[in-house]
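Architecture at a glance
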Amino acid sequence: MVLGAYSVGVFPMADGRDAPGVYWVEPRRRAILPLDGFHLSRSLRKTVLADRFRVTVDRDFPAIIRLCAEAASDRPETWINRSIEQAFLKLHESGHAHSIECWDGDELAGGLYGLALGRAFFGESMVSRATDASKVAIAALVARLRAGGFTLLDCQFMTDHLASLGAVEIDRADYMVLLGEALAGLVSVTGASASALAESPGADAVDFFAVEAAITSVSGPFAGKDIVQLLAHTS
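Residues numbered from 1 in each chain as written. Predicted model: local features only at pLDDT ≥ 70, side-chain atom pairs only at ≥ 80, totals over all residues. Heavy atoms only, no water.

A look at the nonpolar core
In summary, soluble globular proteins display a tendency toward joint burial of nonpolar side chains. Keep this limit in mind: Here, nonpolar core means buried Ala, Val, Leu, Ile, Met, Phe, Trp, Tyr and Cys residues that are tied together by side-chain atoms lying within 4.5 Å of each other. Type-normalised accessible area, obtained with a 1.4 Å probe on protein chains alone, sets the label of each residue: buried when under 20%, exposed when over 50%, and partly exposed for intermediate values. Secondary structure elements follow DSSP: runs of H or I of four or more residues count as helices, runs of E of two or more count as strands, with numbering from the N terminus.
Formed by 39 residues in total, the largest nonpolar core has its most connected members in Phe-38 and Leu-153. Only helix H2 (42–49), strand S4 (54–57), strand S5 (97–104), strand S6 (107–117), helix H5 (133–148), strand S8 (152–156) and helix H10 (224–231) provide two or more residues apiece to this core. Looking at this core, the element that brings in the most residues is H5, giving 10 residues.

Below is the structure:
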């Protein structure tokens, strides 16, 4: 049901952490971050190159979604209730949902999670518990999506934070064109199983983990210089 909803431009939200149910959202205006338009500012580039955070992928998906769901001073309430959390844990187990984590030593400093379907990645939530942690995470995500052949990064709602990174807002009709192109080749997902989607035409045309083959340094797939290298010619 969740995969089917995303394939037609709809996503779930809840009124709070303890809300008993969810509602389905279809914004008239949609925020996307063009993968060739990511803004790597001078200060963010410096932070990334300094390897201020150790960046990992799918190392601790449950911890990231819990951190995103926690109340904070700038976000006293969350739209991630326990039903949404459990659904995304299952989507992660089936290979559709992914997380990017930023670590400060052994402490989780921030990151993001989202859903990959076809050539689209639907960014669900990002969080910082240290300055610039979420910015580093999204820079690493954009580099990974570019290397993996993705064409659409859906950010759902526009914020000043996203706008500073290059996100733009488009009408629903324009978004649906981009979504249709990103999902071209996939079987109908309404009622489809995760395994059927994974084996469908088009699903193997992208690779969320292609960045591991794209980097050239020996310091690891998420070293700062590797992220910058993948972003440099478009930022």
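Considerations on the sheet that holds S8
To keep things clear, this is the line we draw: Two strands are counted as paired when DSSP detects at least two bridges linking them. Axis lines are fitted to C-alpha atoms, over the contacting stretch for helices. Their N-to-C directions set the angle, which ranges from 0 to 180 degrees. Pairs of residues are marked as contacts when any of their non-hydrogen atoms sit within 4.5 Å.
One open sheet accounts for seven strands, arranged S4-S5-S6-S7-S8-S3-S9; its pairing is mixed. Edge positions in the sheet fall to S4 and strand S9 (168–171), since each has one partner strand and no second. Each adjacent strand pair in this sheet contributes to an overall mean axis angle of 30°, direction not counted. Where H5 meets the sheet, it contacts S4, S5, S6, strand S7 (120–128) and S8, and its direction lies at approximately 160° from that of S7.

Observations concerning the packing of H2 against H10
The cut-off we apply is this: By definition in this entry, angles of less than 35 degrees are roughly parallel, angles greater than 145 are roughly antiparallel, angles of 65 to 115 are roughly perpendicular, and the rest are oblique. Only Asp, Glu, Lys and Arg are considered charged, only Ala, Val, Leu, Ile, Met, Phe, Trp, Tyr, Cys and Pro nonpolar, and every remaining residue, Gly among them, polar.
Taken N-terminus to C-terminus, the directions of H2 and H10 make an angle of 140°; their axes are 7 Å apart at the nearest point. By the angle between their axes, H2 is oblique relative to H10. Along its contact with H2, which presents Arg-45, Val-48 and Leu-49, the element H10 presents Gly-224, Lys-225, Ile-227 and Val-228. Looking at side-chain class alone, the contact of H2 with H10 contains four nonpolar, one polar and two charged residues.

Describing the pairing of strand S3 (residues 29–32)
Bridge count for S3 against S9 is four bridges, and the pairing is antiparallel. Bridge pairing links Ile-32 to Val-168 in S9. Of the pairings in the sheet, the one linking S3 to S8 comprises two bridges and is antiparallel in character. Note on S8: the bridge partner recorded for Ala-31 is Gln-156.

So, the packing of aromatic side chains
For any pair of aromatic rings, geometry is given as the distance between the ring centres together with the angle between the planes. Stated formally: Working definition: a ring pair exists when centres of Phe, Tyr or Trp rings (six-membered ring for Trp) sit within 6.5 Å. Plane angles under 30 degrees give stacked, over 60 give edge-to-face, the rest tilted. Lysine and arginine charges are scored as sitting over a ring when NZ or CZ, respectively, is within 6 Å of the ring centre and within 35 degrees of the ring normal.
Counted under the stated rule, the structure contains eight aromatic pairs. Ring geometry for Phe-150 against Phe-208: centres 6.3 Å apart, planes inclined by 85°, an arrangement best described as edge-to-face. Placement of the pair is Phe-150 in the loop between H5 and S8 and Phe-208 in the loop between helix H8 (194–198) and helix H9 (211–214), with a sequence separation of 58 residues. Just as Phe-150 is buried, Phe-208 falls in that class too. In this arrangement the basic side chain of Arg-59 is found over the ring face of Trp-103, its NZ or CZ atom lying 4.8 Å from the centre. Over the ring of Phe-208 we find Arg-144; its NZ or CZ atom is 5.2 Å from the centre of that ring.

A closer look at H2
In plain terms, the rule: Arc definition: it is the arc formed by the directions from the helix axis to the C-beta atoms.
Those residues of H2 lying buried are Leu-44, Thr-47 and Val-48. Taken around the axis of H2, the buried residues stretch over an arc of 100°, which confines them to a single face. Set apart from the buried face of H2 by more than 90 degrees, the exposed residues are Arg-42, Ser-43 and Lys-46. Tucked into the core, H2 has its buried residues touching H5 and H10. Immediately downstream of H2, the backbone of Asp-51 shows phi near 50°, a positive value.

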